[in-house]
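Structural characterization, general
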Amino acid sequence: MYDTEKEIEKVVLIGIDYNNEYDAESCLDELYDLAKTAGAVCVGRMLQKREGVHHGHYFGKGKLEELKAYIKEVNATGIICDDELTANQIKNMEKILETKVMNRTLLILDIFASRAHSAEGKVQVELAQLRYNLSHLTGQGRSLSRLGGGIGTRGPGEKKLETDRRRIADRISELNKELKEIERHRQVLREKRIKNKIPVIALAGYTNAGKSTLMNTLTHAGVLAEDKLFATLDTTTRKIKLPSGAQYLFTDTVGFIQKLPHSLIKAFKSTLEEVKYADIILHIVDSSNSSREQHIKVVYETLEELGCNEKPVITVFNKIDKDETVMPLPSDIRAITTQPVSAKKETGISELLEKIEETVKSFKKSIKILIPYSKGNMVSFVHGNCEIINSDNREDGFFFDIYADNETYKRLEEFILKETV
Ligand SMILES: Nc1nc2c(ncn2[C@@H]2O[C@H](COP(=O)(O)OP(=O)(O)OP(=O)(O)O)[C@@H](O)[C@H]2O)c(=O)[nH]1
Ligand SMILES: [Mg+2]
């Protein structure tokens with residue numbers, strides 16, 4: 001990852017109103033939040049109604065002239081476009097507008113770069129940055145420096161790189177190797193969890209929905225939670241004991257956003273895939289956000305992209321304490337159940353935990369078994385495969401009060417205490 005000095009950018013946000021399901025104004029509102037998070041000051045915004053982008057310079061010629069005058073008027077040092085731009089579009093626009101041209105992808109990459117703390121996060125961000133730059137290189141000998149220009153001027157380009165395509169490719173393959181090794185470690189951890197049979201609950205959702213705040217309320221993990229987009233990049237997992245005695249693992253991870261750059265999805269696949277290995281996905285929604293329905297849609301699309309269509313989902317409508325939260329809450333037919341909460345004010349939390357337990361138990365059977373001392377070898381099987389609520393060494397054998405999945409249930413059927421069936 002490359003870090004260089006930060007300069008304050010005064011930017012104009014631009015976007016196209018395609019007249020489709022995306023509300024152009026709220027897309028720009030989100031771009032505003034991204035720009036602010038990245039440290040830029042927004043001095044204006046401009047939308048053009050068009051069927052599609054102008055392939056040479058995004059806006060049409062006339063609108064671009066209008067934008068040029070506007071940039072001068074508000075004294076902006078650059079523009080940020082809500083859509084992905086080709087290297088050619090950037091080149092043409094910079095020439096016409098005589099200012100720095102950035103886009104949403106660069107902003108997100110830039111924020112990720114400033115947020116990555118773990119070795120894995122850093123490798124993933126650098127990989128995404130390099131892939132992005134490689135895909136925006138046109139022709140031999142083109143300087144990288146201009147292309148890397150994000151808000152904080154982070155990015156490979158701003159470090160005086162005299163690197164060529166070949167060297168980037170080499171670095172990418174080097175990073176890929178590092179990432180593979182990190183992923184191997186992660187896989188070992190996951191396998192250990194599967195072996196322990198502790199239910200894993202992954203917190204997923206749109207960025208800034210309150211995942212980390214809920215994680216802290218539930219587990220006192222002390223995860224950083226802030227009113228900034230992508231406050232969390234690294235995965236945190238904590239074990240908690242519920243009032244019933246059952247133990248669960250909760251995992252907090254990176255948030256989703258619409259138009260998440262593909263290079264980032266690819267680089268962050270192993271982090272994003274954390275949800276894939278969970279027993280339940282806790283889908284956190286910021287109910288106070290006027291785009292909450294759109295956010296829900298983006299989250300389900302991203303989950304599908306990650307191959308998690310089949311996972312049981314519990315939707316948590318968070319931030320119900322806020323005045324902006326409009327009732328009634330939206331319906332969510334994809335979720336098994338929903339729960340309104342305030343992670344901050346700690347309301348609805350015990351109801352949520354009950355619903356999580358009910359859901360876990362709905363695909364596990366509760367049984368009480370007695371294993372005779374002569375079959376002591378089955379005890380380690382129980383420890384390895386069941387969720388143990390209670391255990392006791394009785395006169396006639398080992399007693400267990402457990403939750404077992406179907407397969408385990410069959411193996412233990414002969415030991416089930418009759419009176420508990
Ligand atoms: N009023 C109110 N604010 C909340 C609640 N939950 C979270 N917040 C605030 O929302 C902001 C974002 O919270 P985070 O927990 O960092 O959100 P996140 O989903 O982890 O966000 P990322 O990690 O950035 O994707 C913070 O300023 C929190 O204090 C809530 O129930 N009520
Ligand atoms: Mg977070």
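Residues numbered from 1 in each chain as written. Chains lettered and ligands numbered in written order. Predicted model: local features only at pLDDT ≥ 70, side-chain atom pairs only at ≥ 80, totals over all residues.

1. What about the site of ligand 1?
Surrounding ligand 1, one finds 23 residues, the nearest of these being Gly210, Ser212, Asp227, Thr232 and Gly255. For the shell around ligand 1, the element with the most residues is helix H7 (residues 211-219), which contributes three residues. When grouped by side-chain class, the residues that make up the shell around ligand 1 number six nonpolar, ten polar and seven charged. (Near = placed C-beta within 6 Å. Helix = DSSP H or I, 4+ residues; strand = E, 2+ residues; numbered from the N terminus. Nonpolar A, V, L, I, M, F, W, Y, C, P; charged D, E, K, R; others polar.)

2. Concerning the sheet that holds strand E1 (residues 10-17)
Ordered by their spatial adjacency, four strands build an open sheet running E2-E1-E3-E4, and the pairing between neighbours is parallel. Looking at which strands have only one partner, the edges of the open sheet turn out to be strand E2 (41-49) and strand E4 (100-103). Adjacent strand axes in the sheet meet at a mean angle of 25°, parallel and antiparallel pairs treated alike. Summarising the sheet, E1 and strand E3 (residues 78-81) pair through four bridges and their orientation is parallel. Within E3, the position partnered with Val11 by the bridge is Gly78. On top of the sheet, helix H3 (residues 87-97) reaches E3 and E4; it is set at about 140° to E4, its chief contact. Each of E3 and E4 is contacted by helix H4 (residues 104-115), which is oriented at about 75° to E4, the strand it contacts most. (Pairing = 2+ DSSP bridges. Axes fitted to C-alpha atoms, helices over the stretch in contact; angles between N-to-C directions. Contact = placed C-beta atoms within 7 Å.)

3. Details of the sheet that holds strand E7 (residues 247-252)
Pairing is mixed in the open sheet, where six strands are placed in the order E6-E7-E5-E8-E9-E10. Every other strand in the sheet has two partners, leaving strand E6 (236-241) and strand E10 (337-340) as the edge strands with one partner each. Adjacent strand axes in the sheet meet at a mean angle of 25°, parallel and antiparallel pairs treated alike. Note: strand E5 (residues 200-205) against E7, four bridges, orientation parallel. Paired with Ala202 across the strands is Thr251, a residue of E7. Most of the contacts of H7 go to E7, to which it runs at about 155°, and overall it touches E5, E6, E7, strand E8 (280-286) and strand E9 (313-318).

4. Let's talk about the environment of Ser135
With respect to the secondary-structure elements, Ser135 resides in helix H5 (residues 119-135). For the pair formed by Ser135 and Thr86, sequence separation is 49 residues and the distance between their alpha carbons is 8.8 Å.

5. Observations regarding the confidence of the model for the chain
Per-residue confidence for the chain gives a mean pLDDT of 84; residues scoring 70 or more make up 90%. In the model of the chain, helix H8 (residues 262-267) stands out as the element of lowest mean pLDDT, 75, in contrast to E9, which has the highest, 97. Of the regions scoring below 50 in pLDDT, residues 139-150 engages in 30 contacts with residues more than four places distant in sequence or in other chains. Predicted confidence for residues 152-161 stays below pLDDT 50, and this span has 48 contacts to residues more than four positions away or in other chains. (pLDDT = per-residue confidence, 0-100.)

6. Digging into the pairing of E8
With seven of seven residues buried, E8 lies mostly within the body of the structure. Both E5 and E8 contribute to a ladder of five bridges, which runs parallel. Across the sheet, Ala204 pairs through a bridge with His283, a residue of E8. Inspection of the sheet shows E8 paired to E9 by six bridges, in the parallel sense. Bridge pairing in E9 links His283 to Thr315. With helix H10 (residues 292-305) bridging E8 and its parallel neighbour E9, the resulting β-α-β unit is right-handed. (Buried ≥ 20, exposed ≤ 12 C-beta atoms within 10 Å, placed from the backbone. Right-handed = clockwise from strand over helix to strand, strands pointing away.)

7. A closer look at the environment of Ile111
Here Ile111 shows up in helix H4. With 14 residues separating them along the chain, Ile111 and Val125 place their C-alpha atoms 9.7 Å apart. The contacts of Ile111, once residues within four sequence positions are left out, are Leu34, Thr37, Ala38, Leu229 and Phe230.

8. Looking at helix H11 (residues 349-362)
With 14 residues, H11 should cover 20 Å at 1.5 Å per step; its first-to-last C-alpha distance of 20 Å lies within 8% of that length. Every buried residue belonging to H11 is among Leu352, Ile356, Thr359 and Val360, and all of these are buried. Summarising the axial view, the buried residues of H11 lie within an arc of 100°, below the 170-degree limit, and thus occupy one face. Projecting away from the buried face of H11 at angles above 90 degrees are the exposed residues Ser350, Glu351, Glu358 and Ser362. Buried positions along H11 lie against E5, E8, E9 and E10. (Expected span 1.5 Å × (residues − 1). Arc of directions from axis to C-beta.)

9. Some remarks on the nonpolar core
Judged by nonpolar contacts, the single largest core of 84 residues is most densely connected at Ile79, Phe112 and Leu282. Among the elements that line this core, the one with the most residues is H4, at seven residues. Viewed by domain, this core spans two of them, domain 1 (1-178) and domain 2 (198-362), each represented by three or more residues. Excluding residues that lie within four positions of it along the chain, Phe112 makes contacts with Val125, Ala128, Phe230, Leu233 and Leu264. (Core = buried A, V, L, I, M, F, W, Y, C linked by C-beta atoms within 7 Å. Domains from an automatic or database assignment.)

10. Observations regarding the environment of Asp23
Of note, Asp23 is situated in the loop between E1 and helix H1 (24-37). Classification of Asp23 by C-beta neighbours within 10 Å gives partly exposed; the count is 13. On a C-alpha basis, the gap between Asp23 and Ser291 in space is 8.8 Å, while along the polypeptide they are 268 residues apart.

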